[in-house]
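Examination of the molecular architecture
Chain by chain, the residues:
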Amino acid sequence: MHRQDLNQSPEGEKDSDSLTNDDTSSDKEITKCQIVQEQDLLKKLSLIGEMSSYIAHEVRNPMTTVRGMAQLLAMEHPEKSSYYQLMIEEIDQADEVLKEFLYLARNSPLTLTQVRLNDIVYRAVDLLYSQAVKKNLHIGISLTDNVYVYADEEKLIQVFMHVLRNAIEASRKDGSIFILSRCIDKWVRVKIIDEGIGMNGSLLKKVVEPFFTTKEEKHGLGLPVAYKIIEDHGGQLEIASRPGKGTVLEICLPRLAVKSETELA
């Protein structure tokens, strides 16, 4: 993987508007359609909420027991510890899926602190380094300096990991991904641009619906979780895509006043 900090916005940003789907409807009709879609999504999330307590009790509790037993067996039979460790890792992976499911289902409290947004983005890139390397992807980064947000740091890292992972999976080998940010009034907008397979209009409408996925062995919770976390932070998630052209995903968050060099010292 090649990671490059860009002093100027890449050409990909100039072309990103071309990915927006053509629509001859009026602005009023588009707004009405968006409101209806958001209401439908909230109803689906509410339905998940009704199921959450049952799943938490009936699935997570036995998993915790099995994990504990595997740890004990690994200590008692060190010659087979690799097998038990594999069991523990698989249980932990399943538990992560359940955590995302439960986050969608209930109003989980956020641990809000003042965080530097660039640190969040770079952390997500570093965590997904190995996945990008496998495809020999170039990641170009151009971020506005000293942008702070009032956010749950771990949750926000999760957002950018979900979004960046999708971009990596959609990208072709030796392709490029660009991460750009800019500040407009009281908002910071971060674009993640890939040159991958893209999506048509029908897929684009479903992409943030829970459990919707076009990928094998995926649970379809990544973007819905990212969407809810962003909403919980008072932000917005916007997506534009074209088949064969790629996808532009934009995260919009309320920002804090830019800190001066004296304050940062």
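Within any chain, residue numbers begin from 1 and follow the written order of that chain's sequence. Given that this is a predicted model, residues contribute local features only at a pLDDT of at least 70 and side-chain atom pairs are listed and counted only at 80 or more, while totals for whole chains, interfaces and linings are drawn from all residues. Side-chain calculation: all heavy atoms of the structure are included, whereas hydrogens and water are not.

**A few points about the overall build of the protein chain**
When you go through the protein chain residue by residue, the secondary structure sums to nine helices and eight strands. Burial classes follow relative accessibility: with a 1.4 Å probe on protein chains only, a residue under 20% of its type's maximum area counts as buried, one over 50% as exposed, and anything between as partly exposed. Burial status across the protein chain gives 40% buried among its 265 residues. Two residues form a contact once any of their heavy atoms are found within 4.5 Å. The long-range share in the protein chain, meaning contacts at least 24 apart out of those at least 6 apart in sequence, stands at 77%. Using the Shrake-Rupley algorithm and a 1.4 Å probe, accessible areas are obtained, with residue cover drawn only from the displayed protein chains. Carbon and sulfur atoms form 50% of the exposed surface of the protein chain, whose accessible area is close to 15,700 Å². Strands are runs of DSSP state E lasting at least two residues, helices are runs of H or I lasting at least four, and both sets are numbered from the N terminus onward.

**Comments concerning the side chain of His-162**
Looking at where His-162 falls in the secondary structure, it is placed in helix α6 (residues 153–170). Of the residues examined, His-162 reaches a relative accessible area of 8% and is grouped as buried. His-162 has contacts with Glu-100, Gly-222, Val-225 and Ala-226, leaving out every residue within four places of it along the chain.

**Regarding the packing of α6 against helix α8 (residues 222–232)**
Between α6 and α8, the least distance of the axes is 9 Å, while the angle of their chain directions is 140°. Judged by the sense of rotation from one axis to the other, the crossing of α6 with α8 is left-handed. Each of Lys-155, Gln-158, Val-159, His-162, Val-163 and Asn-166 in α6 lies in contact with α8, whose residues at this interface are Gly-222, Leu-223, Val-225, Ala-226, Ile-229 and Ile-230. The residue classification treats Ala, Val, Leu, Ile, Met, Phe, Trp, Tyr, Cys and Pro as nonpolar and Asp, Glu, Lys and Arg as charged. All others, Gly included, are polar. Within the contact of α6 with α8, the residues separate by chemical class into seven nonpolar, four polar and one charged. Helix axes are fitted to C-alpha atoms over the stretch in contact, other axes to C-alpha atoms as well, and angles between N-to-C directions run from 0 to 180 degrees. For any helix crossing, the convention is left-handed if the near helix is rotated counterclockwise from the far helix by under a right angle, and right-handed if that rotation is clockwise.

**Overview of the confidence of the model for the protein chain**
Note: pLDDT gives the predictor's confidence per residue, expressed from 0 to 100. Averaged over all residues, the pLDDT of the protein chain is 77; the fraction at 70 or higher stands at 68%. Segment residues 8–15 is flagged for pLDDT under 50; beyond a separation of four residues in sequence, or across chains, it makes seven contacts in the model. Under a pLDDT of 50 for its full length, residues 260–265 has, in the predicted model, six contacts with residues more than four places off or in other chains.

**Section: a nonpolar patch on the surface**
Patch rule: a residue counts if its relative accessible area is over 30% and it has no salt bridge; like charges are joined within 9 Å, and nonpolar side chains (Val, Leu, Ile, Met, Phe, Trp, Tyr) within 5 Å. By definition here, a salt bridge exists when the distance from a side-chain nitrogen of Lys or Arg to a carboxyl oxygen of Asp or Glu is within 4 Å. A surface patch of nonpolar side chains, amounting to about 330 Å² of accessible area, comprises Met-69, Leu-72 and Met-75. Along the chain, Met-69 turns up in helix α2 (residues 27–76).

**Points about helix α4 (residues 117–127)**
Within α4 the residues assigned to the buried category are Leu-117, Asn-118, Ile-120, Val-121, Ala-124 and Val-125. Buried positions in α4, seen along its axis, are confined to an arc of 160° and lie on one side of it. Our arc is simply the arc of the directions from the helix axis toward the C-beta atoms.

**Concerning empty space enclosed by the protein**
Lining residues are those with an atom within 4 Å of a point, where the points come from a 1 Å grid over the protein atoms alone and group into cavities, where a 1.4 Å probe fits but cannot get out, or pockets, open sets with protein on both sides within 12 Å along at least five of seven lines. Grid points are joined across faces, edges and corners, and a volume is the space filled by probe spheres set on the points. One pass over the structure, following the stated rule, counts one cavity of 30 Å³ or more. Approximately 40 Å³ is the volume attributed to the largest cavity. If you trace the largest cavity, you find it lined by Val-121, Ala-124, Val-125, Phe-160, Leu-164, Ile-179 and Ile-192. Secondary structure elements with two or more residues in the lining of the largest cavity: α4 and α6. A per-element tally of the lining of the largest cavity places α4 first, with three residues. In terms of residue class, the lining of the largest cavity is made up of seven nonpolar, no polar and no charged.

**Section: the side chain of Asn-146**
Here Asn-146 lies in the loop between β3 (138–142) and β4 (148–151). Only 3.1 Å separates the side chain of Asn-146 from the side chain of Arg-116, close enough to count as a polar contact. Definition of a polar contact: a pair of N or O atoms within 3.5 Å, with one able to donate and the other able to accept a hydrogen when the atoms are protein atoms, and with sequence-neighbouring residues admitted only if both atoms are side-chain atoms.

**Observations regarding α8**
Among the 11 residues of α8, nine are classified as buried, and the element is accordingly described as predominantly covered. The complete set of buried residues in α8 reads Gly-222, Leu-223, Pro-224, Val-225, Ala-226, Tyr-227, Lys-228, Ile-229 and Ile-230. At the C-terminal side of α8, Gly-234 shows a positive phi close to 75°.

**Quick word on the nonpolar core**
Core analysis: the biggest nonpolar cluster contains 44 residues, and Leu-117, Phe-160, Ile-179, Ile-192 and Ile-251 have the highest contact counts within it. Contributing elements (two or more residues each) for this core: α4, β3, β4, α6, β5 (176–184), β6 (187–194), α8 and β8 (246–254). At nine residues, α6 tops the list of elements feeding residues into this core. Contacts of Leu-117, omitting those with residues within four sequence positions, involve Val-147, Val-149, Leu-156, Phe-160, Val-188, Val-190 and Leu-253. Residue types Ala, Val, Leu, Ile, Met, Phe, Trp, Tyr and Cys, when buried and joined through side-chain atoms within 4.5 Å, form a set referred to as a nonpolar core.

**Focus on unusual backbone geometry**
For Asn-146, which is not glycine, the phi dihedral falls at a positive 55°. Within the chain, Asp-174 stands out as a residue other than glycine whose phi angle is a positive 65°. For Asp-174, the location among the structural elements is in the loop between α6 and β5.

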